[in-house]
Amino acid sequence: MGHDLKLIGIVGSGQMGSGIAQVLAQSGFRVHLMDVREDGLKKGLAGVEKGIAKLFEKGKISETPAVVLSRIQTTTKLGDLSGCEIVIEAINEDETLKRSIFQTLDAVLPEHAIIATNTSSLPITRLASCTKRPDRFIGMHFMNPVALMTLVEIIRGHCTSDETYGIVRGVVEKMGKTTVCSQDYPGFIVNRILIPMINEAFFVLMEGVATAEDIDAAMKLGTNQPMGPFALADLIGLDTCLAIMKVIHEGTGDSKYRPSPLLKKYVDAGLMGRKSGAGVFKY
């Protein structure tokens, strides 16, 4: 197996799945993109096509979009991924659905194949335990948007082998990304630090310390971040921020991670951020 990995499967053709497929295809890998919805696959592929065309126009890639696209095949059946050496699951954070996907993959994939999950918050060890290959199970947490963000967090479950980690790290580096390695604890690295910062911003707003505009300006200019915590929360989705905060709170049992009542209130009001037209700010 080693570095002659040729075929990689992806489950889920949403924003993350199609983004991962695009970067893999650009990097010379052949990709099988699977989604149960035919229209989802069409939409995902259209996004990939647009992304590749843009990069080609700007001279960022030398191969024509047609050549890159020819490396991506689509399917609506999990069984069609049986020839893949790595399969990356990139569906939404639904643990029950993820587990059923992993059990099916475990049954159809060859023994040496690796199963990876792009989860941002679910425990890798717990997900791995529903397969017969916990040593060949790993977390690959890509950042959104995949094509632009250079980081991939690799998360080792309790049983993930050194060989599995090495192979996956090699693939990510071939994609031109930088890897960091996290052990399997709530929130991993990025979200464990980022989401509580966003949560704290909501406490600061709730306590009337400053306005949302001033909090964002202060953090942006005072700590050199490209956007303030509220603008970022609106981009991520306040419901997603709340869900990850709950995972960290429950997973650690530490009251310092309790979700801000104001963040909960926004979510209850249906103010999810950019995707709903309004969050902390209006769009």
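## Observations concerning the overall build of the chain
Then, number 1: For the chain, the helix and strand inventory stands at 11 helices and 8 strands.
Then, number 2: In terms of overall size, the chain behaves like a compact globule, its C-alpha atoms giving a radius of gyration of 20 Å where 283 residues would be expected to give roughly 19 Å.
Then, number 3: Considered along the principal axes of its C-alpha atoms, the chain spans approximately 55 × 45 × 30 Å.
Then, number 4: Within the chain, contacts between residues separated by at least 24 positions form 65% of all contacts whose residues are at least 6 apart in sequence.
Then, number 5: One finds the centroid of the 31 positive side-chain charges in the chain at a distance of 3 Å from the centroid of its 31 negative side-chain charges.

## A short note on the sheet that holds strand β2 (residues 30-34)
Then, number 1: Reading across the sheet, the 8 strands line up as β3-β2-β1-β4-β5-β6-β7-β8 and stay open at both edges, with mixed pairing between neighbours. Each edge of the sheet is formed by a strand with only one pairing partner; in this case those strands are β3 (72-75) and β8 (178-183). Strand-to-strand twist of the sheet, defined as the mean angle between neighbouring strand axes without regard to direction, takes the value 25 degrees.
Then, number 2: Where strand β5 (residues 114-117) lies against strand β6 (residues 137-142), 3 bridges are found, and the strand directions are parallel. Across the sheet, residue A116 finds its bridge partner in β6, namely I138.
Then, number 3: Contacts from helix α2 (residues 38-57) reach β2 and β3, with the element oriented near 165 degrees to β3.

## Examining the pattern of salt bridges
Then, number 1: Evaluated as defined, the whole model comprises 12 salt bridges.
Then, number 2: Residue R71 pairs with E63 through a salt bridge whose shortest N-O separation is 2.6 Å.
Then, number 3: On the basis of relative accessible area, R71 is assigned to the buried category, the value being 17%.
Then, number 4: Where R156 meets D162, a salt bridge forms, and the shortest distance between an N and an O atom there is 2.6 Å.
Then, number 5: You can call R156 buried: its relative accessible area is 15%.

## Side note on the environment of A128
Then, number 1: Mapped onto the secondary structure, A128 falls in helix α5 (residues 124-128).
Then, number 2: Residue A128 is classed as buried on the basis of its relative accessible area of 4%.
Then, number 3: When near neighbours in sequence (up to four residues on either side) are disregarded, A128 contacts P134 and F137.

## Some remarks on the pairing of strand β7 (residues 151-156)
Then, number 1: Burial analysis of β7 places 5 of its 6 residues in the buried class, the great majority of the element.
Then, number 2: With 5 bridges connecting them, β6 and β7 associate as antiparallel partners. Residue pairing across strands places I138 opposite R156, the latter belonging to β7.
Then, number 3: Bridge count for β7 against β8 is 6 bridges, and the pairing is parallel. By the bridge assignment, I154 is partnered in β8 with C181.

## Some words on the side chain of S182
Then, number 1: With respect to the secondary-structure elements, S182 resides in strand β8.
Then, number 2: Apart from residues no more than four positions distant in its own chain, S182 is found in contact with I154, I155, R156, F188 and I189.

## Looking at the nonpolar core
Then, number 1: In terms of nonpolar packing, the biggest core is built from 36 residues, with I20, L24 and I86 touching the most fellow members.
Then, number 2: Per element, the largest residue contribution to this core is 6 residues, and it comes from helix α1 (residues 15-26).
Then, number 3: Among residues more than four places away in sequence, those in contact with L24 are I8, I10, F29, V31, I88, V171 and M175.
Then, number 4: Membership of the second largest hydrophobic core comes to 24 residues, among which are I195, F230, L262 and V267.

## Some thoughts on the environment of F202
Then, number 1: Summarising the element assignment, F202 is placed in helix α7 (residues 190-206).
Then, number 2: Under the relative-accessibility criterion, F202 is labelled buried at 0%.
Then, number 3: As a C-alpha pair, F202 and K264 span 62 residues in sequence and 9.7 Å in three-dimensional space.
Then, number 4: F202 has contacts with F230, A233, L238, S260, L262, L263, Y266 and V280, leaving out every residue within four places of it along the chain.

## A closer look at the environment of A201
Then, number 1: Checked against the element boundaries, A201 lands in helix α7.
Then, number 2: Setting aside chain neighbours within four positions, we find A201 in contact with I215, P229 and F230.

## So, the layout of surface pockets
Then, number 1: Computed from the structure, the second largest pocket encloses a volume of approximately 160 Å³.
Then, number 2: Together, S121, L122, P123, R126, D184, Y185, P186, F188, V247, E250 and G251 line the second largest pocket.
Then, number 3: Of all the elements, helix α10 (residues 238-252) adds the most residues to the lining of the second largest pocket, at 3 residues.
Then, number 4: Looking at the lining of the second largest pocket, its residues break down into 6 nonpolar, 2 polar and 3 charged.

Cut-off values and rules
Residues take numbers from 1 onward in each chain, read along the sequence in its written order. Two thresholds apply to this predicted model, a pLDDT of at least 70 for residue-level local features and 80 or more for giving and counting side-chain atom pairs, whereas whole-chain, interface and lining totals are computed over all residues. By convention in this description, side-chain values take in all heavy atoms of the structure and omit both hydrogens and water. Comment: elements are numbered from the N terminus, with helices defined as DSSP H or I runs of at least four residues and strands as E runs of at least two. Atoms considered for the radius of gyration are the C-alpha atoms alone. The globule rule reads 2.2 Å times the number of residues to the power 0.38. Note on definitions: a residue-residue contact is assigned when non-hydrogen atoms from the two residues lie within 4.5 Å. When charges are tallied, Lys and Arg are placed among the positive residues and Asp and Glu among the negative ones, while His and the ends of the chain are skipped. Every charge is mapped onto a representative atom, which is NZ of Lys, CZ of Arg, CG of Asp or CD of Glu. One requirement defines pairing of two strands: DSSP has to find at least two bridges between them. Here an axis means a line fitted to C-alpha atoms, over the contact stretch when the element is a helix, while the angle between two N-to-C directions is reported on a 0 to 180 degree scale. The term salt bridge refers to a side-chain nitrogen of Lys or Arg lying within 4 Å of a carboxyl oxygen of Asp or Glu. With a 1.4 Å probe rolled over the protein chains alone, any residue whose accessible area is under 20% of its type maximum counts as buried; one over 50% counts as exposed, and the rest are partly exposed. Definition used in this section: a nonpolar core is a set of buried Ala, Val, Leu, Ile, Met, Phe, Trp, Tyr and Cys residues joined via side-chain atoms within 4.5 Å. Any residue with an atom within 4 Å of a point lines the site, the site being either a cavity, points on a 1 Å grid over the protein atoms alone where a 1.4 Å probe fits but cannot get out, or a pocket, an open set with protein on both sides within 12 Å along at least 5 of 7 lines. Grid points are joined across faces, edges and corners, and a volume is the space filled by probe spheres set on the points. Residue type decides the class: Asp, Glu, Lys and Arg count as charged, Ala, Val, Leu, Ile, Met, Phe, Trp, Tyr, Cys and Pro as nonpolar, and the leftover types, Gly among them, as polar.

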